[in-house]
Amino acid sequence: MTDQLYRPDQLPFAGPGPTFAYTPLVLDPGKLGGADVVVIGAPCDVATSYRPGTRFGPRAIRDADIVGPPAMRPHPGRRVDPFQVLNIVDHGDVGTFPGRIESIHAQLRAAVAATLAAGAVPAVLGGDHSISLPVLEALAERHGADGYVVIHLDAHADVELGIDEVDHGNPFSQAIQRGALLPHHHLVAGVRGYWPTTSEEMDHWGERGMRIVLMEEIAERGPAAVADELIATAAELAPRTYLTIDIDVLDPAFAPGTGTPEAGGLTSRELLTVAGRMAAELDLCGFDVVEVNPMVDPAGITALAAHATVLEVLAGMAARRARRAGG
Ligand SMILES: [Mn+2]
């Protein structure tokens, strides 16, 4: 047993680079059958408005693992190991020459479609937030726009108006415009700061039923009460939920490594609790963690938070699965 601890192929800091939590690498989309969760990296930053570098995000999130193989990460609170309960594989990264956003999006949409066709849930590692658009398109194609809800944790609502081209500030208004998302199925929480989510946008989308929870409201009511509301609303609106987490929903104290940081956000602890609950209490049809930018991430703090968030969501999903299997 002692020897096994020191096997060089089981060290978290050595070797050719890890898959997510050292799960099996399955590059062939035709071989995803039997998987419950498929991790897909989307190393894209061409849609970024301010500090670029999220093309290095998926690698940084995978590298933030401190345990090493095998894929075994028991959650101490939930008493469940997601890697035992769920068959989780890593599909590698989609990608092409960095400037070609349409090609990157097309590849991601195909990878998500293959994942859904295999009956699995995509876990997408970003990448700038534009990558949520092809994911939502694949989800709508599979489940219908009325078949899912988006819970969106972010400092920004990402619903710009009047911009035809896709960028990381409009994946959700683009998805609505393309018929892939219903406006009242878009529940955003954590919005703050001065990167414009304008009053005009707030009014426009508010009139169409979009729920935009400002960070101020989370601070007043508490994250648990807001999570209760979002979970209840999502469950009422559709049978499944897509959870999209822009790491900048965290305060820059916890996530400085991101393109457009905004002071006054959630703590890592609050995000872990809220995201884990959403995974445990709703049927997730997929999730993403985006906007991790290791180029401006001292000590890898942000990647660490993103990695922990992914694990927490997986543990929540596993707890739900285990509870249901147990009756
Ligand atoms: Mn954001």
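Just above sits the structure.
Residues numbered from 1 in each chain as written. Predicted model: local features only at pLDDT ≥ 70, side-chain atom pairs only at ≥ 80, totals over all residues.

Undergrad: Would you mind showing me how to read the overall build of the protein here?
TA: A tally of helices and strands in the protein yields eleven helices and eight strands. For the protein, the spread of C-alpha atoms along the principal axes amounts to about 65 × 45 × 40 Å. Taking all 327 residues of the protein together, the buried fraction comes to 53%. (Helix = DSSP H or I, 4+ residues; strand = E, 2+ residues; numbered from the N terminus. Buried ≥ 20, exposed ≤ 12 C-beta atoms within 10 Å, placed from the backbone.)

Undergrad: Is there a simple way to explain the packing of helix α4 (residues 101-117) against helix α5 (residues 132-143) in this structure?
TA: Geometrically, a packed helix pair is captured by the angle between its two axes and the distance between the axes. It is at 8 Å that the axes of α4 and α5 come closest, and there the two elements cross at 40°. Relative to α5, the element α4 lies oblique. Relative to α5, α4 is oriented so that their crossing is right-handed. Across the interface between the two elements, His105, Leu108, Arg109, Val112, Ala113 and Leu116 from α4 touch Leu133, Pro134, Val135, Glu137, Ala138, Glu141 and Arg142 from α5. Taken together, the residues that form the contact of α4 with α5 break down as eight nonpolar, one polar and four charged. (Axes fitted to C-alpha atoms, helices over the stretch in contact; angles between N-to-C directions. Parallel < 35°, antiparallel > 145°, perpendicular 65-115°, else oblique. Left-handed = near helix turned anticlockwise from the far one by under 90°. Contact = placed C-beta atoms within 7 Å. Nonpolar A, V, L, I, M, F, W, Y, C, P; charged D, E, K, R; others polar.)

Undergrad: What should I look at first to understand the sheet that holds strand β8 (residues 284-290) in this one?
TA: Backbone-to-backbone hydrogen bonds pair the strands of a sheet. The strands run either parallel or antiparallel. Pairing in this open sheet of eight strands is parallel, and the strands run β2-β1-β3-β8-β7-β4-β5-β6 from one edge to the other. Both outer strands of the open sheet, β2 (88-93) and β6 (211-214), are each paired with one neighbouring strand and no more. The sheet shows a mean angle of 15° between the axes of neighbouring strands, taken without regard to direction. In terms of strand pairing, strand β4 (residues 148-153) meets strand β7 (residues 240-246) through six bridges, oriented parallel. Bridging across to β7, His152 finds its partner in Thr244. Contacting β1 (37-42), β2 and β3 (121-126), α4 crosses the sheet at an angle of about 175° to β1. (Pairing = 2+ DSSP bridges.)

Undergrad: What should I look at first to understand the pairing of β7 in this one?
TA: Two faces, one strand: in a regular strand the side chains alternate between the faces of the sheet. When you tally the buried positions in β7, you get six out of seven residues, the bulk of the element. Across six bridges, β7 lies against β8 in parallel orientation. Within β8, the position partnered with Thr241 by the bridge is Leu284. Of the crossover connections in this fold, the one passing from β7 over helix α10 (residues 268-281) to the parallel β8 is right-handed. (Right-handed = clockwise from strand over helix to strand, strands pointing away.)

Undergrad: For this particular structure, what's the right way to read the environment of Glu141?
TA: With respect to the secondary-structure elements, Glu141 resides in helix α5. Under the C-beta neighbour-count criterion, Glu141 is labelled partly exposed, with 14 such atoms within 10 Å. Sequence spacing of Glu141 and Leu153 is twelve residues, and the spatial spacing of their C-alpha atoms is 23 Å.

Undergrad: Can you help me understand unusual backbone geometry in this one?
TA: The phi torsion of most residues other than glycine is negative, and most of the peptide bonds are trans. Between Pro69 and Pro70 the backbone carries a cis peptide bond, its omega angle lying at 0°. Within the secondary structure, Pro70 is located in the loop between α2 (57-63) and α3 (82-85). For the peptide bond that leads from Gly126 to Gly127, omega is 10°, which places it in the cis range. Within the chain, Ala21 stands out as a residue other than glycine whose phi angle is a positive 55°.

Undergrad: Would you mind going over the nonpolar core with me for this structure?
TA: Soluble globular proteins tend to pack their nonpolar side chains together in the buried interior. By size, the foremost hydrophobic cluster in this structure holds 102 residues, and its most contacted members are Val37, Val38, Ile40, Leu108, Leu243, Ile247 and Leu314. Looking at this core, the element that brings in the most residues is helix α11 (residues 301-325), giving twelve residues. Excluding anything up to four places from it in sequence, Val38 contacts Leu32, Val89, His91, Thr115, Ala120, Pro122 and Ala123. (Core = buried A, V, L, I, M, F, W, Y, C linked by C-beta atoms within 7 Å.)

Undergrad: Looking at this structure, how should I read the pairing of strand β5 (residues 186-191)?
TA: Most of β5 is tucked away: six of the six residues are buried. Summarising the sheet, β4 and β5 pair through four bridges and their orientation is parallel. Counterpart to Val150 in the pairing with β5 is His186. In terms of handedness, the path from β4 via helix α6 (residues 171-177) over to β5 forms a crossover that is right-handed. Alignment of β5 against β6, held across four bridges, turns out to be parallel. Note on β6: the bridge partner recorded for Val191 is Leu214.

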